[in-house]
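# Notes for the structure review
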Amino acid sequence: MRPAVVVRGLGTCLPATELDNEELARHLDTSDEWIRTRTGISARRRIAPGGSVRDLAVAAGGSALRSAGRTTADALVLATTTPDRPTPAAAPEVAQRLGLGTVPAFDVSAVCSGFVYALATATGLIAAGVADSVLVVAAEAYSRIVDPADRATAVLFGDGAGAVLLSRGTPEEDGALLAFDLGGDGSGKDLIHVPGPLEQPAGERWFTMSGRKVYLRAVEEITGSALKVMKDCAWSPGSVDALVPHQANARIIQAVADRIGVPQEAALSELARVGNTAAASIPLALASAQAGGRLRPGARTVLTAFGGGLSWGSAALVWPRLTPVSTEI
Ligand code: UT7
């Protein structure tokens, strides 16, 4: 049996600069009304020109350590698909800047499912005996890869980071990760992608997404994946207190909640303030929901994500008593 792995701390970091829908509508053929009603987003944060995803990751990771009352971790896993540099992975530098020493550290590339994939990977590191504690960070700056002139994508994404500190514990403790489900389908590789050098000349390699197709597939896979972890935990839909889906679209969150049959108030939509922050969206939503009193210690909680690859995944836990630390840079 794998050892129990427990969430001990939660931290976030958002860039201080906010861009609201009205501001976007001044430069794009869009409107506050379209963006709010089609997506649920009112504003998003933007990394400063010359700003760094590694800075966001260090700030969120440090916040998670403080939230857990710790100064060290035995390993670091960083979920990002918008790294400052293609090579090397950002994680070793983030670990070094956090004072973690020469711990194993690497990036996970699973687009918007990155946080759930990184959680499962970190759990595996603890199960393998490589580490007793792992800092899991998700940090993104999609504003760097979306075409600012493309209304179909520029309005959706925001920048930000979130992190959790995991360590070995017992299955009875609140915060223990009770079940995982991960999935992928490479036949959908072109539905969400940034072209490579062989496909597009430099300067034209923007993020593209087949919105409608992704929407339909996301509802299907998130629903199926969340139901699998609920079944593993023997949780009925009515007994789930918090469903925390990847924050891409409020209508997706609503549709998934309806299909699974969880109470509407259990489905946490925290999109309005920060938009779609890709891998960072689940930890940012967790911190915001807890601050707003919508996520309480003891809550039966299902995290579920869908993104490019295609990739998807879910995790289940009983939410622990902790105090998130939120920062801005
Ligand atoms: O994070 C990874 C996973 N991603 C997702 O899960 C995203 C899934 N997809 C979605 O959330 C939605 O498909 C979008 C929000 C991206 C788009 O919403 P939609 O309701 O599916 O719109 P659509 O793409 O079908 O477009 C409907 C219309 C089109 O105009 P016509 O062809 O009907 O005249 C678009 O050109 O809306 C138009 N449109 C816009 N209009 C105003 C697209 N973007 C905008 C915009 N402002 N920003």
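Residues numbered from 1 in each chain as written. Predicted model: local features only at pLDDT ≥ 70, side-chain atom pairs only at ≥ 80, totals over all residues. Heavy atoms only, no water.

### Observations concerning the domain arrangement of the chain
Here the domain parsing of the chain yields domain 1 (4–169) and domain 2 (177–328). The distance between the C-alpha centroids of domain 1 and domain 2 comes to 14 Å. Between domain 1 and domain 2, the residue contacts involve 53 residues of the former and 50 residues of the latter. Taken together, both faces of the contact between domain 1 and domain 2 bury some 4,100 Å²; the carbon and sulfur share is 66%. Broken down residue by residue, the surface that domain 1 buries against domain 2 is led by Leu10, Cys112 and Val116, which jointly contribute 16%. (Domains from an automatic or database assignment. Contact = heavy atoms within 4.5 Å. Buried area = accessible area lost by both parts, 1.4 Å probe.)

### Brief notes about the site of the ligand
The environment of the ligand is made up of 22 residues, and the closest members are Thr30, Arg38, His246, Asn249 and Asn276. Arginine 151 places a polar side-chain atom, nitrogen or oxygen, 2.8 Å from an oxygen atom of the ligand. Contacts to the ligand include asparagine 276, whose side-chain N or O atom sits 2.8 Å from an oxygen atom. Taken by itself the ligand offers 960 Å² of open surface, and the protein chains cover 72% of this. Applying the majority rule of atoms within 2 Å of the grid points places the ligand in the largest pocket. Put simply, the parts of the chain that give the shell around the ligand at least two residues each are helix H2 (32–39), helix H6 (151–154), helix H7 (211–232) and helix H8 (250–260). Per element, the largest residue contribution to the shell around the ligand is four residues, and it comes from H7. (Near = heavy atom within 4 Å. Polar contact = N/O pair within 3.5 Å; in protein donor to acceptor, adjacent residues only side chain to side chain. Areas by Shrake-Rupley, 256 points an atom, 1.4 Å probe, with all protein chains shown as cover. 1 Å grid on protein atoms, 1.4 Å probe; cavity = no way out; pocket = protein on both sides within 12 Å on 5 of 7 lines; lining within 4 Å. Sits in = over half its atoms within 2 Å of the grid points. Helix = DSSP H or I, 4+ residues; strand = E, 2+ residues; numbered from the N terminus.)

### Looking at the layout of surface pockets
Of the pockets and cavities examined, the largest pocket occupies roughly 590 Å³. Going through the elements one at a time, H2, H6, H7, H8 and strand E12 (300–307) are the ones with two or more residues in the lining of the largest pocket. For the lining of the largest pocket, the element with the highest residue contribution is H7, accounting for six residues. The class makeup of the residues in the lining of the largest pocket is 15 nonpolar, eight polar and five charged. The calculated volume of the second largest pocket comes to roughly 250 Å³. Residues that form the lining of the second largest pocket fall into these classes: 10 nonpolar, six polar and two charged. When residues of the lining of the second largest pocket are assigned to domains, at least three fall in each of domain 1 (4–169) and domain 2 (177–328). (Points joined across faces, edges and corners; volume = space filled by probe spheres on them. Nonpolar A, V, L, I, M, F, W, Y, C, P; charged D, E, K, R; others polar.)

### Brief notes about the pairing of strand E1 (residues 4–14)
With 10 of its 11 residues buried, E1 lies for the most part within the structure. Two elements, E1 and strand E14 (residues 325–328), share four bridges in a ladder whose sense is parallel. Bridged to cysteine 13 within E14 is threonine 327. (Buried < 20%, exposed > 50% of the residue type's maximum accessible area, 1.4 Å probe, protein only. Pairing = 2+ DSSP bridges.)

### What about the sheet that holds strand E11 (residues 242–245)?
Spatial ordering of the open sheet is given by E8-E13-E12-E11, a layout of four strands whose pairing is mixed. Here the strands that pair on one side only, and so sit at the sheet edges, are strand E8 (177–184) and E11. Averaged over all pairs of adjacent strands, the angle between their axes in this sheet comes to 10 degrees, without regard to strand direction. Relative to strand E13 (residues 311–318), E12 runs antiparallel, the two being bridged by eight bridges. Considered in E13, the bridge of threonine 304 is made with serine 314. Sheet strands in contact with helix H5 (residues 114–127) are E8, E12 and E13, and its direction is about 125 degrees off that of E8. (Axes fitted to C-alpha atoms, helices over the stretch in contact; angles between N-to-C directions.)

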